[in-house]
Amino acid sequence: MTDTAVSTAAINSVNALLVFLTFRDTDADPGLLVGWLLVNLLYSGILLLDRRWEDAAQSTWPIRRVVIRASFLGVLWGAIPWLVLPLADPGHMLVLGVIVAGMIAGGAVRLSVLPAAAFGYLWSITMLSGAAFLIRAEPLSLIGPVLLLMLAVFLTRHIRNSTTHQIRYVVNQFELSEQNETINLLLNDFRDQSTDWVWETDRRGRICRASPRFLEAAGRAEGHLNGLMIDRLFQPEPVALSRHLKRRETFREVPASIELDGEVRHWKLTGRPIYDLGRRFSGYRGVAADFTEEVLATDRLSYLAHHDSLTGLSNRVTLRDEVEAALGQRADNRVIALFLLDLDEFKAINDTMGHPVGDELLAAVGARLLARYGQEDIVARLGGDEFAILHCSQASAWSPTGFAVALLALFDEPFKLSTAELSVKTSVGVALMDAATSACSPDDLLRDADVALYRAKAEGSGFKVFEPEMNEWAARRHALRQALALAIERDELSVVFQPIVDISSNRIVCFEALSRWASVEFGEVSPAEFIAIAEESGLMKTIGEWVFARALRDASRWPKEIKLSVNLSAVQFRETALTTRFETMLAEVGFDPRRLELEVTESTFLHSDEVTRNTMLGLKAAGASIVMDDFGTGYSSLSYLRDFPFDKIKIDRTFIETSKTDAASQAIVRSVIALGHALGMTVTAEGIEEAAQIDMLRSMNCDEVQGYIFSQPLSAEAAWGMACGTGYLEPEAGNFDAADDARPLRRSDAA
């Protein structure tokens, strides 16, 4: 039972007895007066009994009960003036007013911790008592209600202010408690985890005291440190620390290095001078902390900011800085050369063999370049499969051509990786800066080398040295790339057909589908030009599928014995869904797959894997014939013939063109024909333009020929008319139209 409950019950009972004793001798109704007293005493008893279990309550009902009980007590005390005031004289009124005012003030203050109960109690007494005073209708009777109302208003404001202050106090105490708990946790964590070590020196700067953690970190016993000048502990001697010690200055986080077991550790020292009671300098006291990991992380970030993480070579940022430094030393007799190179067919390696193999190849290329040129030149990787070499030399004793040739020769030897051995070629763009060139910034040199590289890749020439007119060529290539992306949508592409003839009978056995582009903006664009752009820009797949679909639609009208030959790019052939998509397209036009020949070049199989093999087998299973195009111009044709199920070989035109005067070329043609027949394959010779070539091939038992001596590429309607005619072609020299720029370009047939 709490003291508050006892005191509240006692005060209520005493005041009720005083009222009873004051008015028992008046004309007040004795029964009502006694009843009122008994109700008060009963209320006090209930209050005392209820407190025994109220503290253990687990619901909000005890609070509601207090509010109800307080309001009831207010009504009880507000009712007494109604019972006695009509019969009271001024003395009785004074006593009653004092007791009621005391009950109002005391009860409101005690209940202020629960504002709802306080307000219910306060305003119940005030309103009922004030009304009782007013009904006396005496001039002085107005004073009582006014005073009670003022008291009630004052107490109401007091309760509200007290409640606000109490809430703030509780919140502040809670927040303070949380802060103290957090501080204690941080202090405990600091004591447990701190890497700081305490040290102290005498007035001469000699260590006189060191914490166990300082000794442990320094790798010394206490006896070995005492008496040692603190700045002599570090190697090399930290100049900043020595300066602060001599000047007796406070210092913070001064760096110093210490060697422990062959490893350099980096410390930071913080210290302040200490003085005795006489204000005489007596030494230093401070802490030390190890920040070696921060130094290593910073060094690593700095390294990564200037080097390629995969190869360890300089990156583009460093190369640009080196170019800028070289430009600052440019002289009349000095030439600055930037060689930009990227790997041919690198995307095919990534796609077919996976990025880990691609990354390993890039690292191997970087290592080979660094081993060859790293001593005298700057070797950098600019990103992807693009590398650069910055070379500075005396103009009179150096040739960019010789350097480029040697650089290309560096790729003649295969790269031996952990899981494969890859033969990779590269293209090189060269930009020069000497007294005669106008370029004057690193960006100029990088741009020129990039344009030259772009030209070398487009021409397949190995390397190109930048010339100013290449800028116009590069601008045209960029514009063509933008226009080619819209060529199908604008209906600018078309398909033409060149016949393939049986050499023994001159009968047409097949038509090869070739793509043409008549641009609204650029006019007739050479296939050699736009096919290369399509391959570089990723448009080859879309254009190849469009050509295939259009060729199927046109060829579906031909006689059933005439086949259709369509070229597949390496990009198309690497798609796993190629077989399914082609089967769907064949079914849509009702074209017999046995009439379809698919031509692929050796570059398709340069980095072959299971996807390539499965695609080929799937196409053959569907009924199509697989043709090795441009045979003899690749890397290892014989192994391809052994490993892949080809149905036909097409001898590249370069051997046919030179066979008339070159005995070696003639021997190669004869050997290829014999090899093809031995393997059960049909052999087709391309680029036939002279009757003598036909006679030579006929004597070698070649199966089929294709060239302008029979026909140039024809429109779909002209090819349909030729196919539905006699089906035979006689060789005529006049069939060649020199204006058709597709004639000498094997790459024009790639689509």
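Values in this document were obtained by computation on a predicted structure and should not be read as measured data.

Trainee: Give a description of the overall build of the protein that names residues and reports values.
Mentor: Within the protein one finds 26 helices and 21 strands. Out of the 751 residues belonging to the protein, those deemed buried represent 46%. When contacts within the protein are restricted to residue pairs at least 6 apart in sequence, long-range pairs at least 24 apart make up 65% of them. By element, 56% of the accessible surface of the protein is carried by carbon and sulfur atoms, the whole surface being about 37400 Å².

Trainee: Tell me about the pattern of salt bridges, residues and numbers included.
Mentor: Using the criterion set out here, one finds 30 salt bridges in the structure. A salt bridge links Arg 285 to Glu 200, with the nearest nitrogen and oxygen atoms 3.3 Å apart. A residue pair is termed long-range when its members are at least 10 positions apart, and Arg 285 in strand S5 (residues 281-290) and Glu 200 in strand S1 (residues 197-201) qualify at 85 residues. The shortest N-O distance in the salt bridge between Glu 704 and Lys 648 comes to 2.7 Å. A residue pair is termed long-range when its members are at least 10 positions apart, and Glu 704 in strand S21 (residues 704-705) and Lys 648 in strand S19 (residues 648-651) qualify at 56 residues.

Trainee: So what's going on with the confidence of the model for the protein? Residues and values would help.
Mentor: Should the pLDDT be low somewhere, the predicted coordinates at that spot are not to be read in detail. Per-residue confidence for the protein gives a mean pLDDT of 81; residues scoring 70 or more make up 85%. Per-element mean pLDDT across the protein ranges from 64 in helix H6 (residues 143-193) up to 96 in S21. Confidence drops under a pLDDT of 50 for residues 736-751, and excluding neighbours within four residues, the segment shows 50 contacts in the predicted structure.

Trainee: Describe the pairing of S1, naming the residues involved and giving the relevant values.
Mentor: Here S1 lies mainly inside the structure; four of its five residues are buried. Pairing geometry for S1 and S5, over four bridges, is antiparallel. Directly across from Trp 199, in S5, lies its bridge partner Gly 286. Sheet topology note: the S1/strand S2 (residues 207-210) ladder contains three bridges and is antiparallel. Across the sheet, the residue bridging to Trp 199 is Ala 210, located in S2.

What counts, and at which threshold
Residues numbered from 1 in each chain as written. Predicted model: local features only at pLDDT ≥ 70, side-chain atom pairs only at ≥ 80, totals over all residues. Heavy atoms only, no water. Helix = DSSP H or I, 4+ residues; strand = E, 2+ residues; numbered from the N terminus. Buried < 20%, exposed > 50% of the residue type's maximum accessible area, 1.4 Å probe, protein only. Contact = heavy atoms within 4.5 Å. Areas by Shrake-Rupley, 256 points an atom, 1.4 Å probe, with all protein chains shown as cover. Salt bridge = Lys/Arg side-chain N within 4 Å of Asp/Glu carboxyl O. pLDDT = per-residue confidence, 0-100. Pairing = 2+ DSSP bridges.

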